[in-house]
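Chain and residue survey
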Amino acid sequence: MFAFKSIGTKLGVTFAGLFAATMLLISLTVYQVVTERAKLTVGEELTAAGAVFSRLFVDNARDKQMDIAIAGKDFGFLSALTSGDDPTIQSVLDGLASRVGVGAIAFIDVDGFVVGQSGAAIPMDTLLARVEASESDAITDNDLGILFDGEAVYLAGVTPVRAPHLIGWIVFGEVITKAHLSDVSALISKEFTGAIVPGEGNMLPRGQAIQDGQLITFAQTVPSLFDDQSSVLVLTYPLSKALAPYRVLAAILLILMATGGGAVSFISWWLARRLAKPIADLSAAANDVKAGREASVAVSSQDELGTLAGAFNDMSNEIAKREQDLRQQARTDKETDLPNRRAFEEALDSLPPAHAHVHVLAIRLERFAEIRNIIGFDVSAALITAVGENLRAVPGVAHIARLSGSILCARVDCEYGAALPTLTHDIRSALERTYTIEGIAVDVQFSMGISSGDPASSNVLVEAMSALEQARTQQTDQAVFDPQSAQTTADNLSLMGDLLQAIDKGHVFLVYQPKYDLREGRAIGVEALVRWKDPARGMVFPDQFIPLAEETGRVDALTRYVLNQALEAQQALYAAGHPFIMSINVSGRLIGNADFTEYALAAAQRAVGPLCFEITETAVIADPEKGMAVMQRFVDAGIEVSIDDYGSGLSSLAYLKKIPATELKIDKEFVLKIDESQRDALLVRSTVDLAHSLGMKVTAEGIETDTAAAILAGMGCDVGQGYGLGRPMELAPLFEHLAADMPALSQPETAAS
Amino acid sequence: MDKRAAFIGLFLLLAAPAQASSLTVTLLNQKSAGVGEAVVTFTPAGGEGVPITGKPADPLTVNQRDLTFMPFISVVPRNTQVSFLNEDSVLHHVFSFSPIKRFSLKLFGTDETQSVVFDEPGVVVVGCNIHDNMIAYLKVVDTPFAGKTDADGSFTLEGLPPGPGQLTVWHPLMKGRGNQLTAEVVIGPDGQALEFKKKFRRGARPVGDY
């Protein structure tokens, strides 16, 4: 099947084809009918011609024969014949020939002798044969018909003569030429071709016109003189001549076909164009809609296409409206219906150059999470909405938006100098009040980050957020963006990028701080501590990179490294005669990391002596239940678990109760001034008691003086570590330190109790 | 076949004593059916002038009844007068163009009789100039030994003098010269029989069917 590219072509071809087929059918039918009609007409004319021929020749000859027969009965003539009066016979025949009007006439006696002859020659021998036949058959009636003699055709008759018995025959006849037949054709004004032929072997149907190739042929039996012969009159007429009168009709049909075909093609093309134009318009409009442009088509008619165009316009409008809604939604915070960050950024971007320098405030609603936990999401959202509306209402505030759950932002229009602090003050006064939302009164406080700059060249919004963070870090309620402080954060990020490389390159190494049994005054273990000596940065302190490693997930790799190094060190210590328990620090964030857990358990197998994992920040353990199980596995594997920095963080009694720890390390905050602060001493003593009663041994950190060590020992503290007992050292110095005596602890004093 | 029969007859004749004899002639057509109304004559050798005696006279009247001559064929002894009697209610014009006797008896009415004497032997064809289909034949003979075959085609010549003679059998439709056959026969003392088979033309009155 063809695929038409246009409806016009399709319709045109279809209709023109249909028309052509119809016209062809009509033409064929007309041709058939005309041909049949012509054949019928010509056939009728030929039949008439045959009848005319019979009338003109045969019947005429029969009439003549009647005359001759009557003459043959004349008593005088018979008398002459029977008396052998030849001259009289000849004269009678001559008279008869002229009177009746025959070409030739003769008398043949019963013995076959030609007695008299008049007129043109006729084939007497053939006639005699006919006569002989007649004698044998005893035919005595008049006989008439066609006689063939070579090429010549005769119409001849035989009339018996009786006196009263048969005494002979009068024979007569004349040649029939083409001219004779033409006379017949002239009579019916049709130029047919006629011939009389022997009937034997002529298969044409008699008395019926047929089409024989390009000829219409009619054959008719004509009487034959000989009974055993037959003769046929054959008339032919060319079919083309018969059809000639219809040529005009054919021409008219052709012209009709050509003009009609043209008209149909043109009309269908025109119709299709009319039909296709609105469709093409719709198609173009649909493409516009697809491309996101607004589009509509002209409704120019009442028909289906008009309806379609109308529907299309409705749809297009609907899409535009919906898109508008979507755009609106995309720029609106769903919870509060305030503009969102995207709307704010777009507003900044679309500022005219006159506003090249803008001031952006990031405003955080403090303790929002807690407020939300109390009043619920919906009310807190309403609170934010109310705050937003308040903010928007402050004179000088140009745009506002909600950046995150608790943070709003605003662009303010003012001079940078003195006006800005005044404005921020105004804002704070406007916002910080008691809000009553759905009957719930809420007091709120805000912190602010302020940033200024050209939105085209700097990200003032991010800077405002940084300023907000800086305020938090500085524990103030307001900060202006400080590029330097932001630089530190950027440095930290680069630091983390370098950490793993530093591990590989050996820039990260361990130092070991000895742990002493306070009662016996001897070293029983070491705590492995990590150090980073960067060739470019110099010493990077653990306080600096450990939290960063925790934040960025690199603490896993770092801890594995530390574990391996520590295990090697323990081996060295053992080899040197120091069967120490090896303590390493494990971040609470790693507890629950299944990969690390397996790794650590496997590594512990290699340990030559006891291991202790000092777990810091127990509160940040993501899944406490799971964390407890992991710690239990460590304990089951023979690894001691120690609660590090107890008292400084968010450690709770609940954890103490659950953690399967064997050691509690009291934070050095409490130990450093134990000899000065009665309060600290009291806390330590009770903590020691608490730990002991929970079945844990107690280690004190930050022992700097002998006094402190003595006091702690007195309190029942089991183990101690600190600068006063031994600094963190690399292995070689450690060995030396261990070799030296420890006077302060060599003889334990009784601490103040 | 007729010749062979003639020779058989000849031998029989030689062996017989000289006294009156007879000859039965039977004429058959091509379908072996007997042909009636054929005229049989016998003329003894040198017998010309033998008076016609002892022969029951044939009816010498030819009637015209129902537009037909009756009889169709008549044997007429020489010098016999034949009467033509009109028994129809219409007129007849009886004529003959025959060479031995041409005559024309114009328009005679009912029960009128006209007579003609036939003094030459031969065949006379009689017609009616008014009614084309009427035809009759007169066979004028000059021997006493003559007669017509019956429906079976047979006729017996009686009282024949033994010895040679000429036998003729004539019928107007018989094919052959003069419409007759001629045989030289010798009549023996005992009765003889001869049978002839000839071809006939078809005619108004079928040969052999009456």
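Our structure's up above, just so we're on the same page.
Residues numbered from 1 in each chain as written. Chains lettered and ligands numbered in written order. Predicted model: local features only at pLDDT ≥ 70, side-chain atom pairs only at ≥ 80, totals over all residues. Heavy atoms only, no water.

The next point concerns the overall build of chain B. Scanning chain B for helices and strands turns up 1 helix and 16 strands. Out of the 210 residues belonging to chain B, those deemed buried represent 49%. Long-range contacts, defined as pairs at least 24 residues apart, comprise 67% of the intrachain contacts of chain B with a sequence gap of at least 6. Carbon and sulfur atoms make up 52% of the accessible area of chain B, which amounts to about 10100 Å² in all. (Helix = DSSP H or I, 4+ residues; strand = E, 2+ residues; numbered from the N terminus. Buried < 20%, exposed > 50% of the residue type's maximum accessible area, 1.4 Å probe, protein only. Contact = heavy atoms within 4.5 Å. Areas by Shrake-Rupley, 256 points an atom, 1.4 Å probe, with all protein chains shown as cover.)

Right, let's get into the nonpolar core. All names here are of chain A. By size, the foremost hydrophobic cluster in this structure holds 79 residues, and its most contacted members are Met582 and Leu712. The dominant element in this core, judged by the number of residues it contributes, is helix H15 (residues 555-575), at 9 residues. Those residues in contact with Met582 that lie beyond four places of it in its chain are Tyr512, Val526, Ala528, Ala566, Ala569, Gln570, Leu573, Pro610, Leu611 and Cys612. With 49 residues, the next largest nonpolar core counts Ala49, Phe57, Val100 and Val161 among its residues. (Core = buried A, V, L, I, M, F, W, Y, C linked by side-chain atoms within 4.5 Å.)

All names here are of chain A. Relative to the helices and strands, Ala467 resides in helix H12 (residues 460-473). Overall, the relative accessible area of 0% leaves Ala467 in the buried class. A sequence separation of 12 residues divides Ala467 from Ala479, and the C-alpha atoms of the two residues are 5.5 Å apart. If near-sequence neighbours (up to four positions away) are discounted, Ala467 is found in contact with Gly449, Ile450, Ala479, Val480 and Phe481.

Residue and element names in this part refer to chain A. Under the counting rule described, the total for this entry stands at 2 cavities of 30 Å³ or more. Volume-wise, the largest cavity comes out at about 50 Å³. Every residue lining the largest cavity is listed: Ala61, Lys64, Val102, Leu144, Leu155, Ala156, Phe172, Gly173 and Glu174. At the level of elements, helix H1 (7-71), strand S4 (152-162) and strand S5 (166-175) are the ones that each hand at least two residues to the lining of the largest cavity. Top element by residues in the lining of the largest cavity is S5. It accounts for 3 residues. Taken together, Lys515, Ile524, Ile581, Ser583, Cys612, Glu640, Glu663 and Lys697 make up the lining of the second largest cavity. In terms of residue class, the lining of the second largest cavity is made up of 3 nonpolar, 1 polar and 4 charged. (1 Å grid on protein atoms, 1.4 Å probe; cavity = no way out; pocket = protein on both sides within 12 Å on 5 of 7 lines; lining within 4 Å. Points joined across faces, edges and corners; volume = space filled by probe spheres on them. Nonpolar A, V, L, I, M, F, W, Y, C, P; charged D, E, K, R; others polar.)

All right, on to H15(A) then. For H15(A), with 21 residues, the first-to-last C-alpha span of 30 Å sits near the 30 Å given by 1.5 Å per residue. Two residues or fewer past H15(A), A:Gly577 is found with a positive phi of approximately 85°. (Expected span 1.5 Å × (residues − 1).)

Mapped onto the fold, A:Met448 is located in strand S15 (residues 446-453). Setting aside chain neighbours within four positions, we find A:Met448 in contact with A:Leu361, A:Ala362, A:Ile363, A:Thr424, A:Ile427, A:Arg428, A:Leu468, A:Ala471, A:Asp477, A:Gln478 and A:Ala479.

Taken together, the 13 residues of chain A in the interface contact 16 residues of chain B. In total, chain A and chain B occlude about 1200 Å² of area from one another, counting both sides; carbon and sulfur atoms represent 64% of this. Counting the surface chain A buries against chain B, the share from its top three residues, A:Phe75, A:Pro164 and A:His165, is 45%. The interface formed by chain A and chain B holds 1 salt bridge in total. The shortest N-O distance in the salt bridge between B:Asp132 and A:Lys73 comes to 3.1 Å. (Buried area = accessible area lost by both parts, 1.4 Å probe. Salt bridge = Lys/Arg side-chain N within 4 Å of Asp/Glu carboxyl O.)

What follows deals with the sheet that holds strand S7 (residues 208-212) of chain A. Residues and elements named next belong to chain A. Spatially, the 4 strands line up as an open sheet ordered S6-S9-S8-S7, and their pairing is antiparallel. The open sheet has two free edges, formed respectively by strand S6 (193-198) and S7, since each of these has just one partner strand. Pairs of neighbouring strands in the sheet enclose a mean axial angle of 30°, with direction left out of account. Relative to strand S9 (residues 231-238), S6 is paired through 6 bridges, and the arrangement is antiparallel. Paired with Thr193 across the two strands is Thr236, which belongs to S9. (Pairing = 2+ DSSP bridges. Axes fitted to C-alpha atoms, helices over the stretch in contact; angles between N-to-C directions.)

Residues and elements named next belong to chain A. Their axes nearest at 11 Å, the elements helix H16 (residues 594-606) and helix H17 (residues 624-636) cross at an angle of 10°. Classified by the angle their axes make, H16 and H17 are roughly parallel. Residues Thr597, Glu598, Ala600 and Leu601 of H16 pack against Val630, Arg633 and Phe634 of H17. Its residues assigned to classes, the contact of H16 with H17 shows 4 nonpolar, 1 polar and 2 charged. (Parallel < 35°, antiparallel > 145°, perpendicular 65-115°, else oblique.)

Residues and elements named next belong to chain A. Along helix H5 (residues 178-187), the positions that sit buried rather than exposed are Leu181, Val184 and Ser185. An end-on view of H5 places all buried positions within 100° of arc, on one side of the element. Facing away from the buried side of H5, by more than 90 degrees, are the exposed residues Ala186 and Leu187. (Arc of directions from axis to C-beta.)

The strands making up a sheet associate through hydrogen bonds between their backbones, and the pairing can be parallel or antiparallel. All names here are of chain B. Taken in spatial order, the 3 strands make up an open sheet running S13-S1-S16, and their pairing is mixed. Each end of this open sheet is capped by a strand with a single partner; those strands are strand S13 (154-160) and strand S16 (192-197). The sheet shows a mean angle of 20° between the axes of neighbouring strands, taken without regard to direction. Summarising the sheet, strand S1 (residues 21-28) and S13 pair through 5 bridges and their orientation is antiparallel. The residue of S13 that forms the bridge with Val25 is Phe155.

All names here are of chain B. Of all the 7 residues making up strand S6 (residues 80-86), 6 are buried; the element is thus mostly covered by neighbouring parts of the structure. In the sheet, strand S3 (residues 61-65) pairs with S6 via 4 bridges, with the strands oriented parallel. Across the sheet, residue Thr61 finds its bridge partner in S6, namely Ser83. In this structure, S6 lies alongside strand S9 (residues 113-118), joined through 6 bridges in antiparallel fashion. Bridging from a neighbouring strand, Ser83 pairs with Ser115 of S9.

This brings us to unusual backbone geometry. Look at the link from A:Ala163 to A:Pro164: it is a cis peptide, with omega at -15°. For A:Pro164, the location among the structural elements is in the loop between S4 and S5. Here the bond from B:Met70 into B:Pro71 is cis, since omega is -5°, no more than 30 degrees from zero. Its place among the elements puts B:Pro71 in the loop between strand S4 (68-70) and strand S5 (73-77).

What follows concerns the packing of aromatic side chains. Tallied over the entire structure, the rule returns 12 aromatic pairs over all chains. Ring geometry for B:Phe95 versus B:Phe97: centroids 5.0 Å apart, planes at 55°, classification tilted. Classification of B:Phe95 as buried rests on a relative accessible area of 3%. Aromatic rings pair up to connect A:Phe75, B:Phe95 and B:Phe97 into one cluster. (Phe/Tyr/Trp six-rings, centres within 6.5 Å; stacked < 30°, edge-to-face > 60°.)

Two side chains of opposite charge can pair, provided their charged atoms sit close to one another. Scanning the entire structure with this criterion turns up 31 salt bridges over all chains. Put simply, A:Arg402 and A:Asp333 hold a salt bridge, and the shortest N to O gap is 3.0 Å. Pair noted here: A:Arg402 is in strand S11 (residues 397-402) and A:Asp333 is in the loop between helix H8 (304-330) and helix H9 (341-349), with a separation of 69 residues, a long-range link. The residues A:Arg402 and A:Asp333 share a single accessibility class, namely buried. The salt bridge involving B:Arg65 is made with B:Glu87; its shortest N-O contact spans 2.6 Å. On the criterion of sequence distance, the pair formed by B:Arg65 in strand S3 and B:Glu87 in the loop between S6 and strand S7 (92-96) is long-range, its members being 22 residues apart. Looking at B:Arg65, the relative accessible area reads 36%, which means it is partly exposed. On the basis of relative accessible area, B:Glu87 is assigned to the partly exposed category, the value being 31%. If you follow the salt bridges from partner to partner, you end up with A:Lys515, A:Glu527, A:Glu614, A:Glu663, A:Lys665 and A:Glu701 in one network.

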